[in-house]
Amino acid sequence: MVGTGADVVAILQDIRNTVGNVPLAWYDDFPHVGYDLDGKRIYKPLRTRDELDQFLDKMDDPDYWRTVQDKMTGHDLRLTDEQVALVQRLQKGQFGDESFNPYEPAIDFFSGNIMIHPVTNRPADKRSFIPSLVEKEKVSRMVHAIKMGWIQPRRPRDTSPSFYDLWAQEDPNAVLGRHKMHVPAPKLALPGHSESYNPPPEYLPTEEERLAWMQQEPGERKLNFLPRKFLSLRAVPAYGRFIQERFERCLDLYLCPRQRKMRVNVDPEDLIPKLPLPRDLQPFPVCQALVYRGHSDLVRCLSVSPGGQWLASGSDDGSLRFWEVSTARCMRTVPVGGVVRSIAWNPNPAICLVAASMDDAVLLLNPALGDRLLVGSTDQLLDAFMPPEEPTLQPARWLEASEEERQRGLRLRICHSKPVIQVTWHGRGDYLAVVLASPGHTQVLIHQLSRRRSQSPFRRSHGQVQRVAFHPTRPFLLVASQRSVRIYHLLRQELTKKLMPNCKWVSSLAVHPAGDNIICGSYDSKLVWFDLDLSTKPYKVLRHHKKALRAVAFHPRYPLFASGSDDGTVIVCHGMVYNDLLQNPLLVPVKVLKGHTLTRDLGVLDVAFHPTQPWIFSSGADSTIRLFS
């Protein structure tokens with residue numbers, strides 16, 4: 001195809017890299033990727049955005065699906081409609097040229113009609129009329145094999161039935177052959193008072209017992225007859241089921257096994273797995289050290305600062321309290337006017353920020369504790385935000401705090417359409433995931449703090465979402481519903497794995513710091529451990545608690561995990577995960593911590609480990625927070 005002069009000029013203008021047909025891997029260690037027509041370097045574009053930024057840009061850009069990267073220049077190119085149509089035709093296995101017709105009528109060169117000039121008119125060979133010597137030799141060999149009896153003709157099939165003796169060729173050295181001794185028939189139980197013709201009165205059934213016996217199935221009856229009383233032995237009639245029972249007895253003797261069962265003498269202690277002693281698995285919390293008192297109602301949630309110096313708690317009394325861990329002293333009380341269902345301290349140590357869920361809002365507070373420079377830098381980071389010129393439609397509203405609220409520590413308020421039941425941070429501290437108590441499709445929202453943007457990552461929800469969690473190392477989001485745990489890849493926008501806990505109702509979720517193991521708590525008093533590299537089914541199910549589990553947690557440094565239940569106890573377990581993929585995790589319960597009193601049939605509502613020490617905090621329905629060390 002010959003193009004016009006304008007097309008040739010446009011093609012020449014598009015080619016900016018003049019390095020020729022050389023491997024571009026030669027430029028991996030250089031800041032440029034080639035040279036243009038003027039001999040100047042073509043520098044690679046700077047890519048400073050992380051994967052979550054690319055994911056959010058991908059959701060906002062409607063032309064992202066038709067954008068490709070030019071390997072010659074490193075820039076993004078947007079495909080035109082003609083180029084997209086060409087790619088779609090090639091993917092379907094069609095020809096690139098749309099005007100090409102692959103189904104044109106074929107030209108038959110060899111036809112049955114007599115042609116004036118045929119393609120070939122060579123006469124048949126003479127050797128086609130002479131018998132083949134090779135075939136003659138094959139036939140002579142087969143005749144010789146039939147004469148010698150090497151080839152037998154097929155015999156007609158015998159349609160008469162054949163019978164086999166199962167025990168005719170029994171090996172005397174086999175397992176069955178070593179037990180040829182006599183197998184005595186099992187003895188019948190001796191008759192008791194129920195079989196007597198004149199039983200005691202307590203053995204005679206009442207009318208109600210007789211009707212109940214008649215309504216039962218024959219296999220469910222304790223006795224296959226009803227005791228009766230007769231004046232003398234002569235008055236006893238013949239037994240009606242005598243012949244049937246004798247026949248069943250003969251069947252039992254006839255069909256009894258011909259081999260003795262070899263009893264295996266196994267010590268029951270040998271069947272129990274050998275677990276290490278708890279004293280060999282120290283350190284772990286063993287006793288109650290401090291009690292934090294100050295709340296007047298249920299303490300539903302708590303969170304520890306990244307440095308481990310401060311503790312934040314939320315209660316049904318409508319207040320947030322900040323405690324000093326070492327002294328159990330309440331440093332600050334922030335009234336919020338509603339039930340605090342969830343609280344999470346920002347895991348980034350360079351930011352002093354706490355997120356708390358209250359009714360249909362998420363409150364972002366600066367507790368102003370610790371380093372003053374850190375507190376000031378957090379406020380500067382929040383104040384440096386510049387709103388966009390054209391505000392976009394978002395599923396949540398970001399509101400600045402008033403001057404009175406700023407005095408109490410409140411900085412931002414994120415308002416939603418439904419009540420918020422959980423709030424959790426990403427490991428970098430810039431993204432925040434919340435769970436809404438709504439039966440619709442927008443049950444999970446992701447907020448970005450630096451850009452103050454909100455997004456609903458799912459178009460459809462599978463059941464009522466209970467808990468969400470970010471993967472510590474990979475771009476995964478774990479979503480726990482009532483009956484399953486789904487793992488989504490945020491960049492690929494696809495479901496990676498679906499875990500089946502086999503529980504009635506999942507209540508809590510925690511991810512191992514390494515990211516390869518997950519624990520789930522349920523309201524039917526089960527703790528389920530998943531090994532993501534092993535299977536989608538539970539690796540281990542622990543049933544140590546007697547009532548519903550409310551919270552589970554992993555220690556960020558030590559091989560410990562804990563669970564809090566409505567029975568008022570916190571069970572600490574040793575959970576060692578090995579780097580060797582052939583070695584299974586070691587799960588050993590080491591301590592049962594008690595101290596909370598049951599209130600309104602509720603016990604421990606939340607647990608959290610200290611980030612650096614083998615300590616654990618627990619909040620309960622008795623309005624207290626307890627530290628076990």
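Since this is a predicted model, take the numbers as computed values, not measurements. (Residues numbered from 1 in each chain as written. Predicted model: local features only at pLDDT ≥ 70, side-chain atom pairs only at ≥ 80, totals over all residues. Heavy atoms only, no water.)

Caption draft 1: Broad picture of the overall build of the chain. Tallying secondary structure elements over the chain gives 9 helices and 33 strands in all. For 629 residues, the compact-globule estimate of 2.2 N^0.38 gives 25 Å, and the chain exceeds it by more than 25% at 41 Å. A principal-axis box enclosing the C-alpha atoms of the chain has dimensions of 110 × 110 × 50 Å. Looking at the chain residue by residue over its 629 residues, the buried ones come to 35%. When the accessible surface of the chain is summed, it comes to about 41,800 Å², and 55% of that surface belongs to carbon and sulfur atoms. (Helix = DSSP H or I, 4+ residues; strand = E, 2+ residues; numbered from the N terminus. Rg over C-alpha atoms; globule rule 2.2 N^0.38 Å. Buried < 20%, exposed > 50% of the residue type's maximum accessible area, 1.4 Å probe, protein only. Areas by Shrake-Rupley, 256 points an atom, 1.4 Å probe, with all protein chains shown as cover.)

Caption draft 2: Here's a closer look at the UniProt feature "repeat: WD" (unreviewed entry) in the chain. When the UniProt feature table is mapped to this numbering, "repeat: WD" (unreviewed entry) covers residues 292-333 and 542-572. Taken end to end, residues 292-333 is 0% helix and 60% strand, and its two terminal C-alpha atoms sit 13 Å from one another. The distance from the first to the last C-alpha atom of residues 542-572 is 12 Å, and the span holds 0% helix and 55% strand. (UniProt positions renumbered as here; feature names shortened; annotations may be inferred.)

Caption draft 3: Fine view of the side chain of His489. As for its placement among the helices and strands, His489 is situated in strand 21 (residues 485-489). The exposure class assigned to His489 is buried, which follows from its relative accessible area of 10%. Of the polar contacts made by the side chain of His489, one reaches the backbone nitrogen of Arg492; its length is 3.1 Å. (Polar contact = N/O pair within 3.5 Å; in protein donor to acceptor, adjacent residues only side chain to side chain.)

Caption draft 4: Looking closely at helix 8 (residues 372-383). An ideal rise of 1.5 Å per residue puts 16 Å on 12 residues; helix 8 measures up with 17 Å between its terminal C-alpha atoms. For helix 8, every residue scored as buried is listed here: Val375, Thr378, Asp379 and Leu382. For helix 8, the buried positions fall inside an angular range of 95 degrees around the axis, keeping them on one side. Seen from the buried face of helix 8, the exposed residues on the opposite side, beyond 90 degrees, are Leu373 and Gln380. In this structure, the buried side of helix 8 is in contact with strand 14 (410-415). Its side-chain oxygen placed 3.1 Å from the backbone nitrogen of Leu373, Asp371 serves as the N-cap of helix 8. (Expected span 1.5 Å × (residues − 1). Arc of directions from axis to C-beta. Contact = heavy atoms within 4.5 Å.)

Caption draft 5: Quick peek at the environment of Gln394. By secondary structure assignment, the location of Gln394 is in the loop between helix 8 and strand 13 (397-400). Accessibility expressed as a relative area gives 24% for Gln394, which makes it partly exposed. A sequence separation of 59 residues divides Gln394 from Pro335, and the C-alpha atoms of the two residues are 28 Å apart. Once residues lying within four places of it in the same chain are set aside, the contact partners of Gln394 are Arg452, Arg453 and Ser454. Among the polar contacts made by the side chain of Gln394, one reaches the main-chain amide nitrogen of Ser454 at a distance of 2.6 Å.

Caption draft 6: View of unusual backbone geometry. Cis geometry is found at the peptide bond from Gln282 to Pro283, where omega equals 10 degrees. For Arg600, which is not glycine, the phi dihedral falls at a positive 60 degrees. Turning to its location among the elements, Arg600 is positioned in the loop between strand 30 (586-594) and strand 31 (604-609). Even without being a glycine, Asp601 presents a positive backbone phi close to 60 degrees. Within the secondary structure layout, Asp601 lies in the loop between strand 30 and strand 31.

Caption draft 7: Region of the structure containing the sheet that holds strand 15 (residues 420-425). The strand order across the open sheet formed by 4 strands is 15-16-17-18, and the pairing between neighbours is antiparallel. Edge positions in the sheet fall to strand 15 and strand 18 (453-455), since each has one partner strand and no second. Each neighbouring strand pair of the sheet contributes to a mean axis angle of 20 degrees, computed without reference to strand direction. One ladder, built from 5 bridges, connects strand 15 with strand 16 (residues 431-436); its direction is antiparallel. Across the sheet, residue Val420 finds its bridge partner in strand 16, namely Leu436. (Pairing = 2+ DSSP bridges. Axes fitted to C-alpha atoms, helices over the stretch in contact; angles between N-to-C directions.)

Caption draft 8: Structural view of the layout of surface pockets. One number sums up the size of the second largest pocket: a volume of about 1,000 Å³. In terms of lining residues, the second largest pocket is bounded by 28 residues, among which Glu195, Asn224, Phe225, Tyr239 and Glu245 are the most central. When the residues that make up the lining of the second largest pocket are grouped by side-chain class, the tally is 16 nonpolar, 4 polar and 8 charged. (1 Å grid on protein atoms, 1.4 Å probe; cavity = no way out; pocket = protein on both sides within 12 Å on 5 of 7 lines; lining within 4 Å. Points joined across faces, edges and corners; volume = space filled by probe spheres on them. Nonpolar A, V, L, I, M, F, W, Y, C, P; charged D, E, K, R; others polar.)

Caption draft 9: Focus on the pattern of salt bridges. Enumeration over the complete set of coordinates arrives at 16 salt bridges. Across the pair Arg451 and Asp57 runs a salt bridge, and its minimum N-O distance is 3.5 Å. Taken together, the residues Arg451 in the loop between strand 17 (444-448) and strand 18 and Asp57 in helix 2 (residues 51-60) connect sequence positions 394 residues apart. Arg492 is the partner of Glu494 in a salt bridge, and the nearest nitrogen-oxygen pair spans 3.7 Å. Look at Glu494 and you get partly exposed, because its relative accessible area is 36%. (Salt bridge = Lys/Arg side-chain N within 4 Å of Asp/Glu carboxyl O.)

Caption draft 10: Representation of a nonpolar patch on the surface within the structure. Side chains of Ile146, Met148, Trp150 and Ile151 sit close together on the surface and give an oily, nonpolar patch of about 460 Å² of accessible area. Within the secondary structure layout, Met148 lies in helix 4 (residues 133-148). In this structure Met148 comes out as partly exposed when scored by relative accessible area, which is 48%. (Patch = residues over 30% accessible without salt bridge, like charges linked within 9 Å, V, L, I, M, F, W, Y side chains within 5 Å.)

Caption draft 11: View of empty space enclosed by the protein. Inspection of every chain in the model, using the stated rule, returns 2 cavities of 30 Å³ or more. If you add up the space inside the largest cavity, you get close to 100 Å³. Lining the largest cavity are Val444, Phe458, Arg460, Ser461, His462, Gly463, Val465, Val479, Ala480, Ser481, Arg486 and Tyr488. Within the residue set of the lining of the largest cavity, elements represented by two or more residues are strand 20 (476-481) and strand 21. The biggest single contributor to the lining of the largest cavity is strand 20, with 3 residues. Across the lining of the largest cavity, the residue classes tally to 6 nonpolar, 4 polar and 2 charged. The computed volume of the second largest cavity comes to approximately 40 Å³. The class makeup of the residues in the lining of the second largest cavity is 4 nonpolar, 4 polar and 1 charged.

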